[in-house]
Structures are given as structure tokens and as C-alpha cells.
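Residue-level structural notes
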Amino acid sequence: MPRGVVDSLRLGKPQFLHPRSYFRRMSPAHRRRVLAGAVVISLGVALLANSFALTGASGATNHKHKGGWGSTTTTAAPTKPKRGPTTTTTTTAAPTTTTSTSTTTTTGVPTTSSTSTSTTTTTTHPTGSYWVPPIGNLEWDWEIGHPLCNGNENQTAAQTAAIIAATVANPSSNPSCAADLGITSGTSPVIAVDGQTAPVTNPSVLDIDGFDNTGTDNADESISLSSSGSPVVAELHALGDHVICYVDVGTAENWRPDYSEFSAALLGNNNGWPGERWLDTNPNGPDYATLEKIMTARFEMCKNNGFDAVEPDNLDGSENTSGFNITIAEGDEYAEWLANEIHSLGMSVAQKNFEDQSSVLEPYFDFVIEEQCFQYGDCTDLAPYYESSKAVLEVEYSSSGISLAKFDTACTTGINGQPSADSLGFDSTYFSINLDGSLRVPCR
């Protein structure tokens, strides 16, 4: 979830509304209900506006612009509030880790081994074998605004897979799919900050919505959780790509097929998006067992459809006005459970934001997906990852405070007191906040 200036009460960094193209991801029936509601609301607003206009004409005071109904307020520039002392759980000494560009086989839980002359700390995970993103110049794309190469949601999964194959062979055959795949930046060629162009910049890692890109037809989310064998993911694998499964783990979205499984005790404050509420992720909460069951089913959906890794969004509920009293340590414990659960299913897992907890969480996670650390000046909070040779997939947005020129500088020399993305080894990319394929500019 992008960081910005929506929730002024947030204890941590403020955030922008998430660019998940909410309307396009609704079911057709849900869309019709929303459209009908929008018409009613529009008519009501028009009648209210007319009523206020008439009242003003008769000599009464119109308060529309004095902080009451319809008032316009000015929000200060986003700042990063200072947090108080952080309470964390105790882990082993800072680890070092060895990763490869293909599959990493690991066993056990984070442990420390020592000899009489020196101590070597090695990060290990639950038994399993899974792909992890390689460090270095990794080309990746993030498209969760709509089902990949199926923006109208009217294709079978097999048809979408065939379109992907044809588009990779001839990008001009389907410009919208080429943009979704990151082969083009919208309708323009991809030109990296360092001057490289396609095909050098064609992504080999794609981060896509788990529910929208399963083995179901017409992007039908209603049966996603019971689906398997996604033709879309299989086609990407056939092309040599790896695929990350985007799922929300910190908020409940009322358009998801499992929304009804969240009990009232789990649902907290709205997080700024229509139909989306924070979850009680406290491991000591009254219905935590239900939360674990729902999340495990989501991760199994990712596994059964062939995804290589999971991006668990909204890990940082403990730093937001969620409606629950969740401590930082409890938030860390939930994140650690997620990582272990995903590893047990044979997939790697990204730490999503929550950057100030990197020293605690790094032993459990394989890489990072970080938003706007150059904008907010906290990229070095991710040191536990890049100093352990773990990939950092970093994102800046075109409409949230960083111009393309500033992004160029972030890549090459650094901004806001941060070293450059290139010197840190970040795979930084400049995206549209809609994450819909309309813009992709990598550093390298």
C-alpha cells in the first residue's frame, strides 16, 4: 500500500490509497450495484447542492467552505512522524545468508552455529526448496490494477495465456498486454535511467494479484480459492519468468470471496479505501485462529496455482490506527508466522514495507518490496537485507512527490539523504500509482 497523506492519525508513515483499481476488480454484479448507488448519490448531491444554493440566495449563511459539509481543507506536506521506542521479540544474532539466482534449499528455523575460533550465523528457514529473487540488476514488473492481459475480464485463463505468449513474440500484436507485462511503458518503449531499452529491460519477474490470475476463467474470483494450475502462471514460467502472488494479509477487502469468513471481532477501522478494513492481527486476539485459517487458504491458493513467491500486503497494521491495540512486537510475531507458513508451502516471501522492523524480520523473509523509501528518506532502514545480499524491489510513484527527474537522481546519486539505488543494489522502478502497466521506468 503506497505511503502518503490519507490517514492523518497514523502512528507511522502516512499512506496513499492503494491503486488496486477497486471498481475494475469487482464482480459484474457488484459493479452494477455500485453504479446504481453512484447514480442515487449523484442525484442526492445535486439536490443538496441546489438546496444550499437556494438557501444562500435567501440570505442564509452557506457553510460549504467553512469546514462543514463540502468544505475544502488543506493538508500539510507528508512527514514521517517519529516513533517511540520499539518493542521487539528476541532473535538470533544478525545473520548472513547465501542465495542463488535459481532455487534455494533451506532447512530449519533461524539458528546460530559457532566454533571455538569464530561464529558464523546462517539464516535458515522451514524445510523446503523455493526460488528467491537474485540480487543485482533484476528486471521486474508490478501489475495489480487488473487481471494480467485481461483488463476486460472476459477471457478464459487459457485464452489469456495464449495472448501472453503471442504478445511476447510480437509486442505490437497486443499493446495493452505488452504494457501489462512491462515490455512497454504504456504505449511507449521502456527506457531505463541508464539509457538501456527493451529487450534488455523486459521483466523476468512479475508481481500480480493472486485472486485475479488463478486457474479460473474470466478472472472469476468467486472460485479462486479452490482453483489450481493457473494457465497464466504456467505460461509465464514457460517463458522463463518467475511470478509473485499479491495477497492482502492486514486488511479485509469486501470484494474478496472469503470476506464473509472474517468475524466481526477481526474487522477494525476502514483503512481509507471503500470496502477495506484493518484486521486484528494480534496473535493474542480473540479470533486469531480464524485469521490464520483464512490466510493459510490464501497462501495455498498461491501454491496450487504455481506461484513462486508471495507479497503479503499491509503487514504494518501495528503502526496504523487499525482500531486494535496491536503492539509492534505482536505485529512482528504475526509477520514471522506468515513467513514460516509461506515457506512451509514451498514459496519465498517478501517483507512488504514495515522497513523499520527489518532487523527483526530479515531472518524470516527472503527479499523486500518497499514503497517510496527515497521519497521518505528511509532506504537505509533496509540495511539488514542488502547487507545480507537479499534483493530489494523498490518503488517510487509518479503522482506522489517524486518526479521522473528526481527518480533519475535517486537512481544515480541519491536524494533525501539516501545513497543511490544503484550503489545500494536496489531494483528500483518508477511506476504509475495505478500499477496498471501505464508506466514503468527502471533504474537499470
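Our structure is the block above this text.
These numbers come from a predicted model, not from an experiment.

**Quick look at the sheet that holds strand β12 (residues 276-279)**
Read from one edge to the other, the open sheet built from three strands follows the order β10-β12-β11, with strand pairing classed as antiparallel. With one partner strand each, in any of the chains shown, β10 (251-253) and β11 (267-270) form the two edges of the open sheet. The average undirected angle you get between the axes of adjacent strands in this sheet is 40°.

**Overview of helix α2 (residues 157-169)**
Taking 1.5 Å as the rise per residue, α2 with 13 residues should run 18 Å; its terminal C-alpha atoms sit 19 Å apart, in good agreement. Residues of α2 that are buried include every one of A157, T160, A161, I164 and T167, and no others. Taken around the axis of α2, the buried residues stretch over an arc of 125°, which confines them to a single face. Against α3 (175-180) and α4 (231-238) lie the buried residues of α2.

**A closer look at helix α10 (residues 404-412)**
Listed in full, the buried residues belonging to α10 are F407, A410 and C411. One side of α10 holds all its buried residues, which, seen down the axis, span an arc of 100°. Close packing links the buried residues of α10 with α8 (373-376), β16 (392-397), α11 (421-424), β17 (427-431) and β18 (440-442). Looking at the residues trailing α10, positive phi occurs at G414, about 95°.

**A word on the nonpolar core**
Counting 64 residues, the largest nonpolar core has M295 and F299 as the members making the most contacts within it. Counting residues per element, this core draws most heavily on helix α5 (residues 288-304), at seven residues. Contact partners of M295, with chain neighbours within four places excluded, come to D248, V249, F262, L279, Y334, W337 and L338. Membership of the second largest hydrophobic core comes to 19 residues, among which are I244, A391, L393 and I433.

**A look at the pairing of strand β9 (residues 242-248)**
Counting buried positions along β9 yields six of seven residues, so the element is predominantly enclosed. In this structure, strand β8 (residues 205-209) lies alongside β9, joined through five bridges in parallel fashion. Bridging across to β9, I208 finds its partner in C245. Read from β8 through α4 to β9, the crossover connection turns out right-handed. With five bridges connecting them, β9 and strand β13 (residues 309-313) associate as parallel partners. Bridged to Y246 within β13 is E311.

About the cut-offs
- Residues numbered from 1 in each chain as written.
- Predicted model: local features only at pLDDT ≥ 70, side-chain atom pairs only at ≥ 80, totals over all residues.
- Heavy atoms only, no water.
- Pairing = 2+ DSSP bridges.
- Helix = DSSP H or I, 4+ residues; strand = E, 2+ residues; numbered from the N terminus.
- Axes fitted to C-alpha atoms, helices over the stretch in contact; angles between N-to-C directions.
- Expected span 1.5 Å × (residues − 1).
- Buried < 20%, exposed > 50% of the residue type's maximum accessible area, 1.4 Å probe, protein only.
- Arc of directions from axis to C-beta.
- Contact = heavy atoms within 4.5 Å.
- Core = buried A, V, L, I, M, F, W, Y, C linked by side-chain atoms within 4.5 Å.
- Right-handed = clockwise from strand over helix to strand, strands pointing away.

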